Amino acid sequence: MFSEDSTSFMSRSFTGVPPKVIQFGAGNFLRAFFDWMIAILNEEADFNGSVLIVKPTPGEYSLLKQQKGRFTVVLDGVSGEEIIKERRPIDVIHDVITTDPGWKAFLQSAHMESIRFVVSNTTEAGIEFDKKDRREAPIPRTFPGKLTLWLYERYLHFEGKRDKGCIFLPCELIEQNGQALREKVLQYAAHWQLEEPFIHWIAMHNYFCDTLVDRIVSGYPKDRIASLQEEMDQEVDPLLVAGEYYHSWLIQGPEFIKKELPFHKTSLNVSFVDDLIPYRTMKVRVLNGAHTAMVPVGYLAGLHSVREVIENDITFDFVHSLLEEEVLATLDFPAEIKGAYVSDVLDRFRNPTLHHQLLSIALNSTSKFTTRLLPTLKDYHQRRQQLPQRIVLSLAALLRFYKGEWKSQRIELKDNLETITFIADLWMKLERKEMDLPTLTASILGNVAIWSENLNAIPGLTAATALFLSEIEREGIEKTIKNLNTTTIT
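Everything numeric in this text was worked out from a predicted model, so none of it was measured.

Enquirer: Now, about the pairing of strand S9 (residues 210-214): what can you tell me, with residues and values included?
Expert: Buried residues dominate S9, accounting for five of its five residues. Summarising the sheet, S9 and strand S12 (residues 248-252) pair through five bridges and their orientation is antiparallel. Bridge pairing links Leu 212 to Leu 250 in S12.

Enquirer: Quick rundown of the sheet that holds strand S7 (residues 167-170)? Include the residues and the values.
Expert: Read across the open sheet, the six strands follow the order S5-S2-S1-S6-S7-S8; overall the sheet is parallel. Edge strands, defined here as strands with exactly one partner in the open sheet, are strand S5 (93-98) and strand S8 (207-208). Alignment of S7 against S8, held across two bridges, turns out to be parallel. Opposite Phe 168, over in S8, you have Phe 208 as the bridge partner. Helix H2 (residues 28-45) contacts strand S1 (19-24), strand S2 (50-55), S5 and strand S6 (117-120) of the sheet and is inclined by roughly 170° relative to S1.

Enquirer: Residues and numbers for the pattern of salt bridges, please.
Expert: The full count for this structure, using the stated rule, is 31 salt bridges. Here Glu 231 ties to Arg 87 by a salt bridge, and the two come within 2.5 Å at their closest N and O atoms. Highlighted residues: Glu 231 in helix H8 (residues 225-232) and Arg 87 in strand S4 (residues 82-90), separated in sequence by 144 residues. Residue class for Glu 231 comes out partly exposed when judged on its relative accessible area of 40%. Between Glu 326 and Arg 390 there is a salt bridge whose closest N-O contact spans 3.6 Å. Remark: Arg 390 occurs in helix H16 (residues 389-401) and Glu 326 occurs in helix H12 (residues 313-327); sequence separation between them is 64 residues. Assessed through its relative accessible area of 7%, Arg 390 is described here as buried. The structure contains a network of salt bridges with shared partners spanning Arg 400, Lys 403, Glu 405, Glu 431 and Glu 473.

Enquirer: Help me get a handle on the packing of aromatic side chains, residues and values and all.
Expert: All told, the structure shown has 21 aromatic pairs when counted by the stated rule. Aromatic side chains Tyr 279 and Phe 333 sit 5.1 Å apart centroid to centroid with 65° between the ring planes, which places their arrangement in the edge-to-face category. Taken as a pair, Tyr 279 in helix H10 (residues 277-300) and Phe 333 in the loop between H12 and helix H13 (335-350) lie far apart in primary sequence, 54 residues in all. For Tyr 279, a relative accessible area of 26% corresponds to the partly exposed category. Classification of Phe 333 as buried rests on a relative accessible area of 13%. Ring centres of Phe 369 and Trp 451 lie 6.0 Å apart, and the angle between their planes is 80°; on these two criteria the pair is classed as edge-to-face.

Enquirer: Explain the sheet that holds strand S3 (residues 71-79) residue by residue, including any values.
Expert: Across a sheet, strands are paired by hydrogen bonds formed along the backbone, either parallel or antiparallel in direction. As summarised here, the arrangement of the four strands in space is S4-S3-S11-S10, forming an open sheet in which the pairing is mixed. Each edge of the open sheet is held by one strand with a lone partner, namely S4 and strand S10 (217-219). Ignoring strand direction, the axes of neighbouring strands in this sheet form an average angle of 20°. In the sheet, S10 pairs with strand S11 (residues 241-244) via two bridges, with the strands oriented antiparallel. Its bridge partner lying in S11, Gly 219 is registered against Ala 242. Relative to the sheet, H2 contacts S3, S4, S10 and S11, its axis offset from that of S4 by approximately 85°.

Enquirer: Now, about the environment of Phe 106: what can you tell me, with residues and values included?
Expert: On the secondary structure map, Phe 106 appears in helix H4 (residues 103-108). Judged by its relative accessible area of 0%, Phe 106 is buried. In this structure the C-alpha to C-alpha distance between Phe 106 and Val 54, which are 52 residues apart in sequence, comes to 7.6 Å.

Enquirer: Give me the lowdown on empty space enclosed by the protein, citing residues and values where you can.
Expert: A complete count under the given rule lists two cavities of 30 Å³ or more for this structure. What the largest cavity holds in volume is close to 70 Å³. Lining the largest cavity are Ile 216, His 291, Val 306, Arg 307, Arg 348, Phe 349, Asn 351, Leu 354 and His 356. Elements with a contribution of two residues or more to the lining of the largest cavity: helix H11 (306-311) and H13. Across the lining of the largest cavity, the residue classes break down as four nonpolar, three polar and two charged.

Enquirer: Which residues make up the side chain of Asp 210, and what are the values?
Expert: Locating Asp 210 in the fold gives a position in strand S9. One buried charged residue, Asp 210, remains without a salt bridge, the closest side chain of opposite sign being Arg 280 at 7.3 Å. Separated by 3.0 Å, the side chain of Asp 210 and the backbone nitrogen of Gln 179 make a polar contact. Here Asp 210 is in contact with Gln 176, Asn 177, Gly 178, Gln 179, Leu 250, Ile 251, Gln 252 and Leu 276, once residues within four sequence places are set aside.

Cut-offs applied
Residues numbered from 1 in each chain as written. Predicted model: local features only at pLDDT ≥ 70, side-chain atom pairs only at ≥ 80, totals over all residues. Heavy atoms only, no water. Buried < 20%, exposed > 50% of the residue type's maximum accessible area, 1.4 Å probe, protein only. Helix = DSSP H or I, 4+ residues; strand = E, 2+ residues; numbered from the N terminus. Pairing = 2+ DSSP bridges. Contact = heavy atoms within 4.5 Å. Axes fitted to C-alpha atoms, helices over the stretch in contact; angles between N-to-C directions. Salt bridge = Lys/Arg side-chain N within 4 Å of Asp/Glu carboxyl O. Phe/Tyr/Trp six-rings, centres within 6.5 Å; stacked < 30°, edge-to-face > 60°. 1 Å grid on protein atoms, 1.4 Å probe; cavity = no way out; pocket = protein on both sides within 12 Å on 5 of 7 lines; lining within 4 Å. Points joined across faces, edges and corners; volume = space filled by probe spheres on them. Nonpolar A, V, L, I, M, F, W, Y, C, P; charged D, E, K, R; others polar. Lys, Arg positive; Asp, Glu negative; His and termini not counted. Polar contact = N/O pair within 3.5 Å; in protein donor to acceptor, adjacent residues only side chain to side chain.

Have a look at this one:
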């Protein structure tokens, strides 16, 4: 469709606005998060920039091309008692190119003087190195490999000018995503034996920021499309993408980037921070930790979705108290910041347009407990010299959930097969009276393959978990929650 001629390629534009961003990927998340932000930057801060979309994997964004880069973002949310709705047409896409086919056009895009930012969302597995990748044809398989050759083309075209380096804002959900991308690019440059001045140019004049993104994007809302079409009084946009109104973007990078990306002039929830790690810890422990804790507790209470958990008085109190009294006690942030974040998270859970099924987010719950709740449990125990009751109860509920059955209904478990089989075998032994509940509990908590450590080593945890597990079996989960204030664990 596109000519490989550099002149014709450089003159194309859907918007007439100079491209300041080259964006790898145009999936639902980036369109409803970053491209939506660029539209607001242009509107509220006179950013005057557009986005050049690159498809880094084989194939084309044919529909996006047909619509000349235009699409609609639909956002809904809850803030306290207020319902928030936003329906915004997005018209910030400069052009759409591909790497396969279209490799020459992709490299020619490196000649575009106005490009300053590189944004990506190539999934957690996208930032990788493959020693089989070659500098010559066929084109590199990985995103960092393609990016290295794009940077090399830019370096050669602009003769190594310092101001033609780029600012990288990866959105992949891995820790230190900017540094991970930088490391892979430098690894490719060394692997292909590219000249030392180019490697120096990458290291000194390109800026790889670590970032942390947060917004739930559900995609094309099939079940709501008729009502949305009537509400907006327009034809159905096949590229319409829906998500929650809540959004957060934290960026760790040099101070000067704030001036080039003037988010401070907008209403966007974007912050530049000196250290991303504490914020990532807060997100994992609060948002993700709450999700992981509520899955087995909510399911054993006969509930099926996050919203149902929040609308149920007993389970809401459980989640709210777990966050306020146990999780926040382990986070070294000012009380107002922690409190505001918990309030935001609970509002997000109340969002009537998001239908998060508990079984859908139960995937790999044992490893999620290990990364999201276990660090809080250990920190709380170290600081208070006692165990956090609600986290321990969620662990007991998880062990009961992994029996794979509740009230004669089979639970479809999705986890490592060895984990599922190991726990199921222990429950069968219990049913045959070959072991008691404390022994079952100790056997599961002692499996290092599941938890990456022997949880029996945490003082009092095994006995407390067995106690809650016994009460869940005898009284049910809701009564166990009600009895929390009268249950003493140390």
